[in-house]
Amino acid sequence: MLMIVLPPGSGKGIVGQIIKLLYPVNNHLMEQYKAARQAYGAKLARYKGLPPQERQAHRPPAKPAQNFILAPGNITSAKLIELLSVADDSYVLLICETEMDALGVASRSEHGLQLSTILRQAFHHEQISKAIKQDDEYVLIKSPRLSAILAGTPNQLPKLLHSNADGLVSRFLVLFENLPPVWKDTRPCAYCRPLDDHFLEIGEEFFLKILC
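All of the points below concern the structure found in this document. (Residues numbered from 1 in each chain as written. Predicted model: local features only at pLDDT ≥ 70, side-chain atom pairs only at ≥ 80, totals over all residues. Heavy atoms only, no water.)

## Observations regarding the overall build of the protein chain
Here is the rule: Numbered from the N terminus, helices here are DSSP runs of H or I no shorter than four residues, and strands are runs of E no shorter than two. Buried means the residue's accessible area, taken with a 1.4 Å probe over protein chains only, is under 20% of the maximum for its type, while exposed means over 50%, and partly exposed covers the values in between. Two residues qualify as a contact provided that any one of their heavy atoms is within 4.5 Å of a heavy atom in the partner residue. Here the accessible surface of atoms and residues is derived via Shrake-Rupley with a 1.4 Å probe, and residues count as covered only by protein chains that are part of the display. His is not counted, nor are the chain ends, whereas Lys and Arg count as positive and Asp and Glu as negative. For this purpose, a charge sits on NZ of Lys, CZ of Arg, CG of Asp or CD of Glu.
Looking only at helices and strands, one finds seven helices and seven strands in the protein chain. Its helices and strands taken in sequence order, the protein chain reads β-α-α-β-α-β-α-α-β-β-β-α-β-α from the N to the C terminus. Here the C-alpha coordinates of the protein chain stretch approximately 75 × 50 × 25 Å along the principal axes. The buried share of the protein chain, reckoned over its 212 residues, is 34%. For the protein chain, contacts bridging at least 24 residues in sequence account for 73% of all contacts bridging at least 6. For the protein chain, the computed accessible surface area is about 13600 Å², with 56% contributed by carbon and sulfur atoms. Each charge class in the protein chain can be summarised by its mean position, and for the 23 positive and 21 negative side chains these summaries are 5 Å apart.

## Here we look at the environment of Leu80
Tracing the sequence through the fold places Leu80 in helix α3 (residues 77-87). Leaving out residues up to four positions away in the same chain, Leu80 has contacts with Ile75, Leu93, Ile95, Leu115, Ile118 and Leu146.

## Overview of the packing of helix α1 (residues 17-48) against helix α7 (residues 195-211)
Our working definition: Every axis in this analysis is a line fitted to C-alpha atoms, fitted for helices over the stretch in contact. Angles between the N-to-C directions lie between 0 and 180 degrees. Geometric relationships in this document are graded by angle, where less than 35 degrees denotes roughly parallel, more than 145 denotes roughly antiparallel, 65 to 115 denotes roughly perpendicular, and other angles denote oblique. Definitions for this section: a left-handed crossing has its near helix turned counterclockwise from the far helix by less than a right angle. A right-handed crossing has that turn clockwise. Classification convention: Asp, Glu, Lys, Arg as charged; Ala, Val, Leu, Ile, Met, Phe, Trp, Tyr, Cys, Pro as nonpolar; all other residues, Gly among them, as polar.
Across the interface, α1 lies against α7 with an axial gap of 8 Å and an inter-helix angle of 40°. When the axis of α1 is compared with that of α7, the two are oblique. For the crossing formed where α1 meets α7, the hand is right-handed. For the pair formed by α1 and α7, the contact residues are Gln17, Lys20, Leu21, Leu22, Tyr23, Pro24, Val25 and His28 on the first element and Leu195, Asp196, Phe199, Leu200, Ile202, Gly203, Glu204, Phe206, Phe207 and Ile210 on the second. Here the residues of the contact of α1 with α7 are counted per class, giving 12 nonpolar, three polar and three charged.

## Here we look at the packing of aromatic side chains
Using the following cut-off: For this analysis, a ring pair means two rings from Phe, Tyr or Trp (six-membered ring only for Trp) whose centres lie within 6.5 Å, classed as stacked if their planes differ by under 30 degrees, edge-to-face if by over 60, and tilted for the remaining angles. A ring is considered to have a charge above it if a Lys NZ or an Arg CZ atom is located within 6 Å of its centre and within 35 degrees of its normal.
Applying the stated criterion to the full structure yields one aromatic pair. Ring centres of Tyr33 and Phe68 lie 5.9 Å apart, and the angle between their planes is 85°; this geometry places the pair in the edge-to-face category. Taken together, the residues span a long stretch of sequence, with Tyr33 in helix α1 and Phe68 in the loop between α2 (52-56) and β2 (70-71) at a distance of 35 residues. The residue whose ring lies beneath Arg55 is Tyr47, and the NZ or CZ to ring-centre distance is 5.9 Å.

## Remarks on the side chain of Gln66
Note that Gln66 resides in the loop between α2 and β2. You can call Gln66 buried: its relative accessible area is 16%. If we skip the residues at most four places from it in the chain, Gln66 touches Tyr33, Lys79, Glu82, Leu83 and Val86.

## Quick notes on the nonpolar core
Using the following cut-off: Within this scheme, the nonpolar core is defined by two criteria: the residues are buried Ala, Val, Leu, Ile, Met, Phe, Trp, Tyr or Cys, and they are joined through side-chain atoms within 4.5 Å.
Grouped together as the largest cluster of nonpolar side chains are 28 residues, with contacts concentrated most on Leu80, Leu84 and Leu146. Those elements that provide at least two residues to this core are β1 (2-5), α3, β3 (93-97), α4 (101-108), α5 (115-123), β5 (137-141) and β6 (146-152). Membership of the second largest hydrophobic core comes to 15 residues, among which are Ile19, Cys96, Ala151 and Phe207.

## Overview of the side chain of Thr153
As for its placement among the helices and strands, Thr153 is situated in the loop between β6 and α6 (157-160). Exposure remark for Thr153: the relative accessible area of 11% places this residue in the buried category. Setting aside its immediate chain neighbours within four residues, Thr153 contacts Val5, Leu6, Pro7, Pro8 and Lys12.

## Looking at a nonpolar patch on the surface
What counts is decided by this rule: Surface patches are drawn from residues lacking salt bridges whose relative accessible area is over 30%; two like charges belong together within 9 Å, two nonpolar side chains (Val, Leu, Ile, Met, Phe, Trp, Tyr) within 5 Å. Salt bridge criterion: a side-chain nitrogen from Lys or Arg within 4 Å of a carboxyl oxygen from Asp or Glu.
A grouping of Val169, Val174 and Phe176 is seen on the molecular surface, where their side chains present a nonpolar patch of about 240 Å² in accessible area. Turning to its location among the elements, Val169 is positioned in the loop between α6 and β7 (173-176). Given the relative accessible area of 33%, Val169 is considered partly exposed.

## Concerning the pattern of salt bridges
In the structure shown here, the tally under the stated rule is seven salt bridges. Here Lys12 ties to Glu99 by a salt bridge, and the two come within 3.3 Å at their closest N and O atoms. Pair noted here: Lys12 is in the loop between β1 and α1 and Glu99 is in the loop between β3 and α4, with a separation of 87 residues, a long-range link. Of the residues examined, Glu99 reaches a relative accessible area of 34% and is grouped as partly exposed.

These figures capture arrangement, not role.
Below is the structure:
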């Protein structure tokens, strides 16, 4: 897990290009989920249309799982556990944010209090489990696989690392640099290729290799 801490206006937003490398893969998974969701809706409608006695003899259709590889920083503890349970040991779930306080604010909310615990357990691939009385829900992730790449300013750091007592900071490789402010001309170069196009092309090449 990587954390990049730089002053404002120092170019930390370049971290966002990493996400573009995985856009094609994630978009493919999203299209599969949308198709499965539509099929689920049709099956559920047919199930609900059955007579009561006939409906009792059938099980309701299973809701499709969201098997994405990109997880947002603004996420609840329950949703992160759900995405990790679907990923299991098949692939690594990635949280990549250019503003680390997106994850920091979520971890302070009522529904995100366990995010620090999940990050620490996932770092060591330690078992993560959850049991809820409602619907008898039980989730067990034997070997969670989670990676995080976060960038932000020094002022955003306390929003994520509330203290060093829980050891979350020790799970991150922290790159800190107090760069002096230097004026940079941000006008696009007339002859330079946009970085967005460059990284999206690499992402497409990577996706095609996976399909092959």
